[in-house]
Amino acid sequence: MCDENVAVGARVRVSFGRKKVVGIVLSHKEKSDFDKVTWLKSREGALGYKLKSVDEVLDDAPLLSKDILDFLFWSANYYHHPIGEVLASAIPKNMRLGKPAEIKKARAFDNQISSADFDTTEEQNNAITTILASKDNFSGYLLHGVTGSGKTEVYLRITENLLQQGKQILVLVPEIGLTPQMIARFEKRIDGKVVAIHSQLNETQKTDAYLMAKSGEASVVLGTRSAIFAPMPNLGLVIVDEEHDGSFKQQSSFRYSARDLSFMRAKLANAPLILGTATPSLETLKNVMDKKLTRLILSTRPGETVMPEVNLIDMRSQSTEALSLPLIDKMKQHLNNNQQVMLFINRRGYAPVFYCTECDWKAECNHCDAQMVYHRHINRLKCHHCGAEQIPDSSCPSCKQSTLKVLGYGTERLEENLESYFPDTPIIRIDRDTTRRKKAFAQHLEQINSGEPCIIVGTQMLAKGHDFSQLAFVGILDVDVGLLSLDFRATENLAQLLIQVSGRAGRSEHKGEVAIQTRYPNHPIFEYVRQAHYTQYASKLLKERQQTQLPPFSHQAMICANAKNKTQAETFLNEVAQLLRSIDLPTVEIWGPVSGVIEKKADYYYFNLYLQSVDRQALHQMLNTMFGHIDSIKASGSVRWFLDVDPIE
Ligand SMILES: [Zn+2]
Ligand SMILES: [Zn+2]
């Protein structure tokens, strides 16, 4: 309640219990919705005096415009998430704290712009003209371009055109590591301000970027998933680069997919949407089938560059070493040619298993159902699930003998191994441990971009869109885990990964080469990867998903409960399942509860309950009904639970 006419979307300070908190005005009311609630009555006195006064109005003009509020309400509704938490994840911390909405450090923007001095290919041209033809309406495009085919050039030319009409462009990229590279490419070409939004910025930078987007001062807003919520009054184009990437999905608190939300964001702005990738997700290909997206293909690399040659190394005929002899030979050959080589292994640390050769004891986390990973550099055993650390014992805790050993390879051990084979070649390791420091990733990239021969060792951080012009050879080390996984998305993700990683090789005049080490050389996935036939493999997978009625041919939601007491978590979900089954919506299937992939994490036991339906509306109707009645279930003890709509594991 307030005397002034406060705008919807403005921040206000209000009393909340004994505290003062910052809130956002979402609507005006004369009366409280909770008039009839008796506890309010007894606390606050007479009826009709339930609304409290606003203490202070913080914004003259609303911080959140109607457009962005509509989008946030839509998102909250779709994910069945409280609007308060959605708003909190959509605005910078300084704004949540009630600090003034003023740009603090106006950065100097003095871009040295150089316009493109080369022609686009016919396919690029076609993509540009098609998208620009629909510039004032929502229309969705899949820009399906093989790695190195020049998708970014398409983004840039469309951006150049739209900026002349006073539009703003929103570009989403999967990784923080990719933003500087993409920012640099836009800044070189765009006559306007390019601002970044990602988690490694400090709070002032985040606030400034947010406010520049909101004022229209920023021409291009480029960032990771949370940038989908950036306020942009003149939004004229939304680009999601590497749309297949899992990092567009937030896996905690407000579990949204920025890729999925990009459709509604573009729709509300009447702007085109481009999803770009060499390896479209099956969801995106299904959207093409359903004519929700138009596919534009870039099938060739500009200039003389050809696709790399992909070969398999059958590890059944090799010793147990991580590096097979044919792989070492290939590396030597390319390094002798003054080229760079890259090895890809999706596991950081020194070794994933620390065990006793006498009694088979293994170092396991005390808080999780997981083995501890040995990190040699710091001589610690670490749990990659809860972060627990310990100094390894010198003798076996079980049989007391000095027979402890490591098994398997992570990036750290691979680096050590490589040093013995290639003592004179610089080795650059890129994983979460070596890039934790701010700017460390950028420094590594700089060293690689100098073009000197070197060996790059890294995890999947390397698979994402980096262009290394002197990289001639890529070795892929542990793909078999992906072949054996139970997750129904595992082969899709593996095919994407293999094609993306392979695509790093041979970006300039040299034909690249790729070697994949596997114990399952006859798995069908490899034939498709060798031929770079991603689309054909994806069609095969789509058929399988259709037969089994799995996403994208059905829609899923997951209710996850966890508690320190295993029975409590399971019982809670059993009761939720009972509630769901009592709702008469036969098109929704309910399975579970089943224990999580890792049942115990950080001392909590995890259980999941799955809902699936070919009818999305029915699924959401069931969730709405569930939320209406969930309070009747008395979660015993301290069961925590959350809902994940369209989960990916
Ligand atoms: Zn032992
Ligand atoms: Zn743990």
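See the structure above.
Scoring rules and cut-offs
- Residues numbered from 1 in each chain as written.
- Chains lettered and ligands numbered in written order.
- Predicted model: local features only at pLDDT ≥ 70, side-chain atom pairs only at ≥ 80, totals over all residues.
- Heavy atoms only, no water.
- Donors = N, O, S within 2.8 Å, 3.2 Å for Na, K, Ca; no water.
- Tetrahedral: all angles 85-135°; square planar, octahedral: opposite > 155°, others 65-115°.
- Helix = DSSP H or I, 4+ residues; strand = E, 2+ residues; numbered from the N terminus.
- Buried < 20%, exposed > 50% of the residue type's maximum accessible area, 1.4 Å probe, protein only.
- Phe/Tyr/Trp six-rings, centres within 6.5 Å; stacked < 30°, edge-to-face > 60°.
- Contact = heavy atoms within 4.5 Å.
- Expected span 1.5 Å × (residues − 1).
- Arc of directions from axis to C-beta.
- Axes fitted to C-alpha atoms, helices over the stretch in contact; angles between N-to-C directions.
- Parallel < 35°, antiparallel > 145°, perpendicular 65-115°, else oblique.
- Nonpolar A, V, L, I, M, F, W, Y, C, P; charged D, E, K, R; others polar.
- Pairing = 2+ DSSP bridges.
- 1 Å grid on protein atoms, 1.4 Å probe; cavity = no way out; pocket = protein on both sides within 12 Å on 5 of 7 lines; lining within 4 Å.
- Points joined across faces, edges and corners; volume = space filled by probe spheres on them.
- Right-handed = clockwise from strand over helix to strand, strands pointing away.
- Lys, Arg positive; Asp, Glu negative; His and termini not counted.
- Salt bridge = Lys/Arg side-chain N within 4 Å of Asp/Glu carboxyl O.
- Polar contact = N/O pair within 3.5 Å; in protein donor to acceptor, adjacent residues only side chain to side chain.

Caption draft 1: A look at the coordination of the zinc ion (ligand 2). Binding of the zinc ion (ligand 2) to the protein goes through C365 (SG), C368 (SG), C383 (SG) and C386 (SG), at separations of 2.2 to 2.3 Å. Coordination geometry of the zinc ion (ligand 2): the four donor atoms subtend angles of 105 to 113° at the metal centre, consistent with an arrangement described as tetrahedral. Along the chain, the residues that donate to the zinc ion (ligand 2) are spaced as C-x2-C-x14-C-x2-C. Within this pair, whereas C368 is found in the loop between β13 (353-356) and β14 (373-375), its partner C386 is found in the loop between β15 (380-382) and β16 (389-390), the two being separated by 18 residues in sequence. The class for C386 is partly exposed, based on a relative accessible area of 29%.

Caption draft 2: View of the packing of aromatic side chains. Evaluated as defined, the whole model comprises 14 aromatic pairs. On the basis of an interplanar angle of 40° and a centroid distance of 5.0 Å, the ring pair of F254 and Y256 is categorised as tilted. We classify Y256 as buried; its relative accessible area is 2%. An angle of 50° between the planes, with centres 6.5 Å apart, marks the rings of Y421 and F422 as tilted. Its relative accessible area of 29% is what places Y421 among the partly exposed residues. For F422, a relative accessible area of 6% gives the class buried.

Caption draft 3: Quick peek at the environment of A101. Take A101: it is sitting in the loop between α4 (93-96) and α5 (122-133). With relative accessibility at 35%, the residue A101 sits in the partly exposed group. For the pair A101 and R413, spaced 312 residues apart in sequence, the C-alpha to C-alpha distance is 49 Å. Setting aside its immediate chain neighbours within four residues, A101 contacts R11, D59, L63, M95 and L211.

Caption draft 4: Quick peek at the coordination of the zinc ion (ligand 1). Taken together, C356 (SG), C359 (SG), C396 (SG) and C399 (SG) make up the full set of protein donors to the zinc ion (ligand 1), lying 2.2 to 2.3 Å away. One can describe the donor arrangement at the zinc ion (ligand 1) as tetrahedral, given that its four donor atoms subtend angles of 104 to 114° at the metal. Site description for the zinc ion (ligand 1): donor spacing in sequence, C-x2-C-x36-C-x2-C. Taken together, the residues C356 in strand β13 and C399 in the loop between β16 and β17 (404-407) connect sequence positions 43 residues apart. Classification of C356 by relative accessible area gives buried; the value is 0%.

Caption draft 5: Structural view of helix α17 (residues 534-548). End to end, α17 covers 21 Å across 15 residues, agreeing with the expected 21 Å (1.5 Å per residue, within 8%). All of the buried residues in α17 are Y534, Y537, A538, L541, L542 and R545. For α17, the buried positions fall inside an angular range of 140° around the axis, keeping them on one side. Those residues of α17 that are exposed and aimed more than 90 degrees away from the buried face are K543 and Q547. Where α17 is buried, its residues meet α10 (282-289), α15 (490-502) and α16 (524-530). Just beyond α17, the residue with positive phi is Q549, at close to 55°.

Caption draft 6: Region of interest: the packing of α15 against α17. The geometry of α15 relative to α17 is characterised by a closest axis approach of 11 Å and an angle of 175° between their N-to-C directions. Regarding the angle of α15 to α17, the classification is roughly antiparallel. On α17, the residues touching T491, E492, A495, Q496 and I499 of α15 are Y534, Y537, L541 and R545. Of the residues belonging to the contact of α15 with α17, the class tally is five nonpolar, two polar and two charged.

Caption draft 7: View of the sheet that holds strand β3 (residues 54-57). What the three strands build is an open sheet, ordered β2-β1-β3; its pairing is antiparallel. On the outer flanks of this sheet lie β2 (19-24) and β3, each paired with one strand and no other. Strand-to-strand, the axes of this sheet are offset by a mean angle of 30°, without reference to chain direction. Pairing of strand β1 (residues 11-16) with β3, which is carried by three bridges, proceeds in the antiparallel orientation.

Caption draft 8: Fine view of the sheet that holds β16. Pairing is antiparallel in the open sheet, where three strands are placed in the order β14-β15-β16. Every other strand in the sheet has two partners, leaving β14 and β16 as the edge strands with one partner each. Of the strand pairs in this sheet, β14 and β15 are connected by three bridges, and their pairing is antiparallel. Within β15, the residue paired with H375 across the bridge is R380.

Caption draft 9: Quick peek at empty space enclosed by the protein. Using the criterion set out here, one finds two cavities of 30 Å³ or more in the structure. The volume enclosed by the largest cavity comes to roughly 80 Å³. Every residue along the wall of the largest cavity is listed here: T147, M307, P308, V310, I499, S502, G503, V529, R530 and A532. Looking at the lining of the largest cavity, the elements that each hand over two or more residues are α15 and α16. Residues belonging to the lining of the largest cavity are distributed by class as follows: six nonpolar, three polar and one charged. In this structure, the second largest cavity encloses a volume near 30 Å³. In terms of lining, the second largest cavity is formed by D487, F488, R489, Q556, P647, I648 and E649.

Caption draft 10: Here's a closer look at the pairing of strand β8 (residues 235-241). Among the seven residues of β8, seven are classified as buried, and the element is accordingly described as predominantly covered. Alignment of strand β5 (residues 168-172) against β8, held across five bridges, turns out to be parallel. Pairing of V171 across the sheet is with I239, part of β8. Looking at chain direction, β8 and strand β9 (residues 273-277) are connected through four bridges and run parallel. Residue pairing for β9: I239 is matched across the bridge by I274. At this point the chain moves from β8, through helix α9 (residues 258-268), to the parallel β9, and the crossover so formed is right-handed.

Caption draft 11: Here's a closer look at the side chain of R255. Position of R255 relative to the elements: it lies in the loop between β8 and α9. Buried charge without a salt bridge: R255, with D644 as the nearest opposite-charge side chain at an N-O distance of 4.5 Å. Within the local environment of R255, its side chain forms a polar contact with the backbone oxygen of Q251, the two atoms lying 2.9 Å apart.

Caption draft 12: Main features of the pattern of salt bridges. Evaluated as defined, the whole model comprises 27 salt bridges. Taking the shortest distance from any N to any O, the salt bridge between R347 and D478 comes out at 3.6 Å. Here the residue R347 occupies a position in the loop between β12 (340-344) and β13, and D478 occupies one in the loop between β20 (471-476) and α14 (480-484), the gap between them amounting to 131 residues. Under the relative-accessibility criterion, R347 is labelled partly exposed at 25%.

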